[in-house]
Structure formats: structure tokens, C-alpha cells
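The primary structure of each chain is shown beneath.
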Amino acid sequence: MDPRLGRGALLGVPLLALAVWLLSSALGPAGALLALGLYWGALLWGIAAGGGLRRLEPLLLARWPGWPVALAMALPILVPGLPAMRALGGGVGTGLVLLAALAGLVHAALEEAFWRGALVRHETPRAFAQALALYGAAHLPWLLLRGVETALPLPLLVLGALAMGGAWTAARLLTGGIGAGLLGHAGLAVFLFVGLAAGAG
């Protein structure tokens, strides 16, 4: 694991927790979006500091991870997918759905590029375990989210992200790239973000 990026990620967790709590408490969904933007900005900085696209280019190929990992990535998409589709029954503008879906794609790409790309300097089981632990820690601040309705309980969403991080990390280990994990992550994130948008709308 890249020590500098690892230290930065660890120090960023309490700052993210403070931002999530303060911004969402004061501004509700708008504050949550601002906190998410700060998180994305931090990921972008980490990707750039870790070598940028030049470092990530060899990792971008999508390879078959095998049936167990593929199923572990694909089947859980139903968990946010079904509530998100149900939430659309109340009538949600196409523009909002497209923006939410795009946000989900951006979120998945940034997370895979940083947590399973730039952060993992040496591809050893220990490095992946450390990166996975930091990934999990970085999602705990979202438990402090206030004023935002979610189709599923917030603790379940956070625990789901932690569990899925293991599947995406397994895909990274088995394939040598982030492509397969990115596909699984994007599918989950798109439905999650659409569901959140439908609830807010």
C-alpha cells in the first residue's frame, strides 16, 4: 500500500465524518451532496498523487473473475435495485434519474481507481487487506448523515458497502485489474444513487 496515500486516507476519515454531520445537519440533502463532493475531491487528489492515469492504465482491463466472485458482485445489486425501481413508481423526472445514474458511475469509478488502484502500490495480500480496511473506515462517516431519506436503512447501506468492498477487492486480486470490480461497483452505485434521488425528489 502507498504509505503516503494511506496516511492521508486515515487522517481524512474524521474530517469526512465532521463534514457529513455538519453539512447534512445544516443543509439536509444539499449538505449531503456537498460532503459527497468533498469525498470525491479527496479521491481525485489521491488518484493524481498516486500517479494519475499513467499509473492506472495497466489496471483498466476488465477480466472474468470467476463464477463465485462474479455472483458475489452481481446478485447484491438487487438489494438497492428493487427499492430504486419501486421508488420510480411515484414518478421521477428522466433528467433526475440520468443525473443520479451518472453520479453513481462517477462514484464507482473514483472509488475503484483510488481504493483498489492508486492506493495499492505493491500487490500483496497484506496491501489489499490494508486498503480494504481503510475503504471500510472511510464509509463509516456516512452513518452520521442527517436529513436524507433512504430506501434502505442507512446502517444496512454502509454495511453493504463494506461487504461489497471485499468482493471488489477479490476481483482485483483475481484479475489483476479494476475493470471487473468497476462493473460490479457501478451497477450497485447507479441503483443506489437513483433510489436516493427518487426519495429526495
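This write-up is about the structure you can find in this document. Here the structure is a predicted model, which means the values were calculated and not measured.

## A look at the side chain of Arg55
Residue position: Arg55 is located in helix α3 (residues 52-56). Look at Arg55: it is buried, it has no salt bridge, and the nearest opposite charge is Glu123 at 5.5 Å. Engagement of the side chain of Arg55 in a polar contact is seen with the backbone oxygen of Gly117, the distance being 3.3 Å. Apart from residues lying up to four places away in sequence, Arg55 is in contact with Gly50, Gly117, Ala118, Val120 and Arg121.

## Observations regarding empty space enclosed by the protein
As enumerated under the stated definition, the model contains one cavity of 30 Å³ or more in all. Its boundaries defined by the atoms lining it, the largest cavity holds a volume of some 60 Å³. In terms of lining residues, the largest cavity is bounded by Pro80, Pro83, Thr150, Ala151, Leu152, Leu157, Phe191, Leu192, Gly195 and Leu196. Of all the secondary-structure elements, those providing two or more residues to the lining of the largest cavity are α5 (78-87) and α9 (179-200).

## Digging into the layout of surface pockets
Reported here for the largest pocket is a volume of approximately 1,100 Å³. Every residue lining the largest pocket is counted, 42 residues in all, and those nearest its centre are Leu36, His107, Leu192, Phe193 and Leu196. Those elements that place two or more of their residues in the lining of the largest pocket are α2 (29-49), α5, α6 (94-118), α7 (125-139), α8 (154-175) and α9. Quantified by volume, the second largest pocket comes out at close to 310 Å³. If you trace the second largest pocket, you find 17 residues lining it, with Gly8, Ala9, Gly12, Tyr39 and Ala42 closest to the centre. Of the residues in the lining of the second largest pocket, the class split is 14 nonpolar, three polar and no charged.

## Some words on the environment of Phe193
With respect to the helices and strands, the residue Phe193 is situated in helix α9. By relative accessible area, Phe193 is classed as buried at 12%. In this structure the C-alpha to C-alpha distance between Phe193 and Gly165, which are 28 residues apart in sequence, comes to 17 Å. Non-local contacts of Phe193, meaning those with residues more than four positions away in its chain, are made with Leu36, Trp40, Ala100, Ala103, Gly104 and His107.

## Observations concerning the pattern of salt bridges
Tallied over the entire structure, the rule returns three salt bridges. With its nearest N and O atoms 3.1 Å apart, the salt bridge here joins Asp2 to Arg121. One end of the pair, Asp2, is in the segment before α1 (3-27); the other, Arg121, is in the loop between α6 and α7, with 119 residues separating them in the sequence. Since its relative accessible area comes to 34%, Arg121 is described here as partly exposed. Of the charged contacts in the structure, one is a salt bridge between Arg172 and Glu123, with a shortest N-O distance of 3.0 Å. With Arg172 in helix α8 and Glu123 in the loop between α6 and α7, this pair connects stretches of sequence that are 49 residues apart.

## Things to note about the packing of aromatic side chains
As enumerated under the stated definition, the model contains four aromatic pairs in all. Both rings, one in Trp64 and one in Trp67, keep their centres 5.1 Å apart while their planes meet at 80°; by these two values the pair is edge-to-face. Since its relative accessible area comes to 60%, Trp67 is described here as exposed. On the numbers, 5.9 Å between centres and 75° between planes, the contact of Trp115 with Tyr135 is edge-to-face. Of this pair, Trp115 sits in helix α6 while Tyr135 sits in helix α7; the two residues are 20 residues apart in sequence, bridging distant segments of the chain. With relative accessibility at 3%, the residue Trp115 sits in the buried group. Here Tyr135 falls in the buried class, since its relative accessible area comes to 1%. Members of the aromatic cluster, joined through ring pairs, are Phe114, Trp115 and Tyr135.

Reading the values: the criteria
- Residues numbered from 1 in each chain as written.
- Predicted model: local features only at pLDDT ≥ 70, side-chain atom pairs only at ≥ 80, totals over all residues.
- Heavy atoms only, no water.
- Helix = DSSP H or I, 4+ residues; strand = E, 2+ residues; numbered from the N terminus.
- Buried < 20%, exposed > 50% of the residue type's maximum accessible area, 1.4 Å probe, protein only.
- Lys, Arg positive; Asp, Glu negative; His and termini not counted.
- Salt bridge = Lys/Arg side-chain N within 4 Å of Asp/Glu carboxyl O.
- Polar contact = N/O pair within 3.5 Å; in protein donor to acceptor, adjacent residues only side chain to side chain.
- Contact = heavy atoms within 4.5 Å.
- 1 Å grid on protein atoms, 1.4 Å probe; cavity = no way out; pocket = protein on both sides within 12 Å on 5 of 7 lines; lining within 4 Å.
- Points joined across faces, edges and corners; volume = space filled by probe spheres on them.
- Nonpolar A, V, L, I, M, F, W, Y, C, P; charged D, E, K, R; others polar.
- Phe/Tyr/Trp six-rings, centres within 6.5 Å; stacked < 30°, edge-to-face > 60°.

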